[in-house]
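Topology and contacts: notes
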Amino acid sequence: MLLPSLLSPLRCFLVGLMLLGSTALSALAQQTTPAPRLKDGVYRRSGKLLRLQGGRVTPLTQPLALGNGFTVYPNGTLVGPKGGRRQLANGQAVNLQGHVVSFRDDMLSAQAIEDHDRRTTGARPTTLVVPAREVVPVDLVARLRHTQERLHHLQQLSALLAARASAAAADPISADVAALDGRIQELSRQLQAK
């Protein structure tokens, strides 16, 4: 009789422990891995060429094609699509876009720069707050639209005046000049009405 009465609380405890364990495992699985502190690319340190990929550093053992058509080789030679060559010096790096940069200054990730700034100066990142659309006054939107229309008319007028000057230089009494004069006058009236 004692055994069944002990099994029930023990069973409840074991089921609860299993649920707690599965919840903890689920929470661990949902955690994201931290962003790498360094940007992906290739750099030279102590004469060796090293590859950065996803925060991991490995020796560069085979040529790596870069975004701008350049290829970096394990000996540190950077070869362009037209055959130009350049050797990476110690402390230099090349990012995946193919730009040669300073390893110390240009290969840190944005998060690493932000962390360093926070540690050394106590500064926090600048946050910009853009107001929602509803905050912009309706009359301001109308005025901006009106200004945009006037600008469009002025651009048209400028193009017509340039065309008229060219046509008048070639033949001052041609039909083209008269047609352009009519269009210029019409646009001028539209601008004055606004």
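Analysis parameters
Residues numbered from 1 in each chain as written. Predicted model: local features only at pLDDT ≥ 70, side-chain atom pairs only at ≥ 80, totals over all residues. Heavy atoms only, no water. Helix = DSSP H or I, 4+ residues; strand = E, 2+ residues; numbered from the N terminus. Buried < 20%, exposed > 50% of the residue type's maximum accessible area, 1.4 Å probe, protein only. Contact = heavy atoms within 4.5 Å. Areas by Shrake-Rupley, 256 points an atom, 1.4 Å probe, with all protein chains shown as cover. Pairing = 2+ DSSP bridges. Polar contact = N/O pair within 3.5 Å; in protein donor to acceptor, adjacent residues only side chain to side chain. Core = buried A, V, L, I, M, F, W, Y, C linked by side-chain atoms within 4.5 Å. Axes fitted to C-alpha atoms, helices over the stretch in contact; angles between N-to-C directions. Parallel < 35°, antiparallel > 145°, perpendicular 65-115°, else oblique. Left-handed = near helix turned anticlockwise from the far one by under 90°. Nonpolar A, V, L, I, M, F, W, Y, C, P; charged D, E, K, R; others polar.

Moving on, we get to the overall build of the protein. Each helix and strand counted, the protein has five helices and nine strands in total. In sequence order, the protein lays out its α and β elements as α-β-β-β-β-β-β-β-β-β-α-α-α-α. Here the protein holds 194 residues, and the buried ones make up 20% of them. If you take every contact in the protein between residues at least 6 apart in sequence, the share linking residues at least 24 apart comes to 39%. For the protein, the computed accessible surface area is about 14600 Å², with 60% contributed by carbon and sulfur atoms.

This part is about the sheet that holds strand 4 (residues 64-65). Strand order in the open sheet formed by four strands is 4-5-6-7, and the pairing between neighbours is antiparallel. Every interior strand has two partners, whereas the edge strands, strand 4 and strand 7 (85-87), have only one. One ladder, built from two bridges, connects strand 4 with strand 5 (residues 71-72); its direction is antiparallel. Across the sheet, the residue bridging to Leu64 is Val72, located in strand 5.

Tracing the sequence through the fold places Gly54 in the loop between strand 2 (48-53) and strand 3 (56-59). Along the backbone, Gly54 and Leu38 are 16 residues apart, and their C-alpha atoms lie at a distance of 8.1 Å.

Turning our attention to the side chain of Asn95. Residue position: Asn95 is located in strand 8 (residues 92-95). Within the structure, Asn95 has its side chain in polar contact with the backbone nitrogen of His99 (distance 3.0 Å). Every residue in contact with Asn95, bar those within four places of it in the chain, is listed here: Asp40, Gly41, Leu66, Val101 and Met107.

In this section: the nonpolar core. Counting nine residues, the largest nonpolar core is built from Val42, Leu49, Leu60, Leu64, Leu66, Val72, Leu78, Leu88 and Val94. If we ignore the near neighbours within four places in the chain, the residues touching Val42 are Leu49, Leu50, Arg51, Leu60, Leu64, Val72, Gln92, Ala93 and Val94. Counting residues in hydrophobic clusters, the runner-up holds eight residues, among them Leu157, Leu160, Ala167 and Leu180.

Where helix 4 (residues 138-170) contacts helix 5 (residues 175-193), the axes come no closer than 10 Å and their chain directions differ by 160 degrees. As judged from the angle between their axes, helix 4 and helix 5 are roughly antiparallel. Regarding helix 4 and helix 5, the two cross each other, and that crossing is left-handed. Residue-level contacts link Arg150, His153, Leu154, Gln156, Leu157, Leu160, Leu161, Ala163, Arg164, Ala167 and Ala168 of helix 4 to Val177, Leu180, Asp181, Arg183, Ile184, Leu187, Ser188, Gln190 and Leu191 of helix 5. Grouping the constituent residues of the contact of helix 4 with helix 5 by class yields 12 nonpolar, four polar and four charged.

Topologically, Arg44 is positioned in strand 1 (residues 41-45). When the C-alpha positions of Arg44 and Gly76 are compared, they lie 7.2 Å apart, and in sequence the two are 32 residues distant. Beyond its immediate sequence surroundings of up to four residues, Arg44 is in contact with Leu49, Asn75, Gly76, Gln87, Leu88, Ala89, Asn90, Gly91 and Gln92. A polar atom in the side chain of Arg44 sits 2.6 Å from the backbone oxygen of Leu88.

Turning to the sheet that holds strand 2, a few remarks are in order. Judged by pairing direction, the sheet is antiparallel, and its five strands sit side by side in the order 3-2-1-8-9 without closing on themselves. With partners counted over all chains shown, the strands left at the sheet margins are strand 3 and strand 9 (100-102), one partner each. Averaged over all neighbouring strand pairs, the angle between strand axes comes to 30 degrees, with direction disregarded. Note: strand 1 against strand 8, three bridges, orientation antiparallel. Bridge pairing in strand 8 links Gly41 to Asn95.

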